[in-house]
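Secondary and tertiary structure notes
Next come the chains, spelled out residue by residue.
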Amino acid sequence: MSKFKKVQHTPEGAVITDLIITIFRANGALLRVGDALMKDLGVTSTRWQVLGAIGDTPKTVAQIAREFGLSRQGVLWVVQAMVKEDILELIENPNHRRAQLVQLTAHGRKLFDEINRRQAIWSNGVAEGMSAAELKKVLSAVKRLHDNVIASAK
C-alpha cells in the first residue's frame with residue numbers, strides 16, 4: 001500500500017498537465033530544429049538564446065541567465081566561448097564595476113542578422129494555416145501559465 005494519497009486533477013488541472021507536457025515536447029523539438037537550422041553557422045540553440053537575449057541591448061551574464069531561466073555559470077561558459085570566436089565582446093558596465101556587459105561584435109551582428117533571416121523564413125512556414133488571432137490567444141495563455149508557474153514557486 002502506498003503511503004501517498006492519490007489526488008485527482010480538476011478538469012483544468014488535467015488540461016494544464018497536458019499543456020505542460022506538450023510544451024516540454026515542443027521545447028525539445030524547437031531545440032532540435034534550431035540546432036539543425038543553424039548548424040552550418042556553428043550556432044546551437046543555446047548560443048541562439050544568448051544572442052537573442054542580447055540583440056541590440058548589451059546585458060550582463062546574470063541578466064541573460066535570468067531571462068531564460070538558465071544557470072549563470074552555463075551562460076558564462078557560452079559567452080566566453082563566443083568571445084573567443086569574435087561573436088561577442090565584453091564591455092564596461094557603467095552601473096557595475098565587476099559585472100561587464102555582453103554585446104555583439106561586428107561579426108556577431110552579421111551572424112545574428114543571418115539567424116534572424118532564417119528564423120523568419122522558418123517561422124513563417126510553421127505559422128501557415130494558423131491565424132494571428134489564434135496564435136495571440138495561445139501566446140497569451142502560455143505567458144499566463146509562465147506567470148502562474150513563477151508565482152507558485154515563491
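Residues numbered from 1 in each chain as written. Predicted model: local features only at pLDDT ≥ 70, side-chain atom pairs only at ≥ 80, totals over all residues. Heavy atoms only, no water.

**Looking at the packing of helix H3 (residues 61-68) against helix H4 (residues 72-84)**
Test applied: To get an axis, fit a line to the C-alpha atoms, keeping to the stretch in contact for a helix; angles then go from 0 to 180 degrees between the N-to-C directions. A run of H or I in DSSP becomes a helix once it reaches four residues, and a run of E becomes a strand once it reaches two; helices and strands are each numbered from the N terminus. The scheme is simple: roughly parallel for angles under 35 degrees, roughly antiparallel for over 145, roughly perpendicular for 65 to 115, oblique for anything else. What makes a crossing left-handed is the near helix being turned counterclockwise from the far one by less than a right angle; a clockwise turn instead makes it right-handed. The criterion used for residue contact is that any of the two residues' heavy atoms lie within 4.5 Å. Each residue gets one of three labels, nonpolar for Ala, Val, Leu, Ile, Met, Phe, Trp, Tyr, Cys and Pro, charged for Asp, Glu, Lys and Arg, and polar for the others, Gly among them.
Orientation of H3 relative to H4, taken along the N-to-C sense of each, is 120 degrees, at an axis distance of 9 Å. With respect to H4, the element H3 is oriented oblique. By crossing handedness, the relation of H3 to H4 is classed as right-handed. Each of Val61, Ala62, Ile64 and Ala65 in H3 lies in contact with H4, whose residues at this interface are Arg72, Val75, Leu76 and Val79. Class assignment for the residues of the contact of H3 with H4 results in seven nonpolar, no polar and one charged.

**What about the environment of alanine 62?**
Heads up, the rule is: Per-residue accessibility, obtained with a 1.4 Å probe over protein chains only, is compared with the maximum for each type, and a residue is labelled buried under 20%, exposed over 50%, and partly exposed between these values.
With respect to the secondary-structure elements, alanine 62 resides in helix H3. On the basis of relative accessible area, alanine 62 is assigned to the partly exposed category, the value being 26%.

**Observations concerning the pairing of strand S2 (residues 96-104)**
Regular strands have side chains that alternate between both faces of the sheet. So the rule is basically this: Two strands pair under a simple rule: DSSP has to find at least two bridges between them.
Here five bridges tie strand S1 (residues 88-93) to S2, and the two strands are oriented antiparallel to one another. Bridge pairing in S2 places leucine 90 opposite valine 102. Remark: two residues form the turn of the hairpin made by S1 and S2, two consecutive strands paired antiparallel.

**Examining the side chain of lysine 59**
Note the cut-off: Any pair of N or O atoms that falls within 3.5 Å is considered a polar contact. Within protein, one atom must be able to donate a hydrogen and the other to accept it, and sequence-neighbouring residues count only if both atoms are side-chain atoms.
Looking at where lysine 59 falls in the secondary structure, it is placed in the loop between helix H2 (45-54) and H3. For lysine 59, a relative accessible area of 18% translates into the label buried. At a separation of 2.7 Å, a polar atom in the side chain of lysine 59 contacts the main-chain carbonyl oxygen of alanine 53. Beyond its immediate stretch of four places on either side in the chain, lysine 59 contacts Ala53, Ile64, Glu67, Gln100, Leu101 and Val102.

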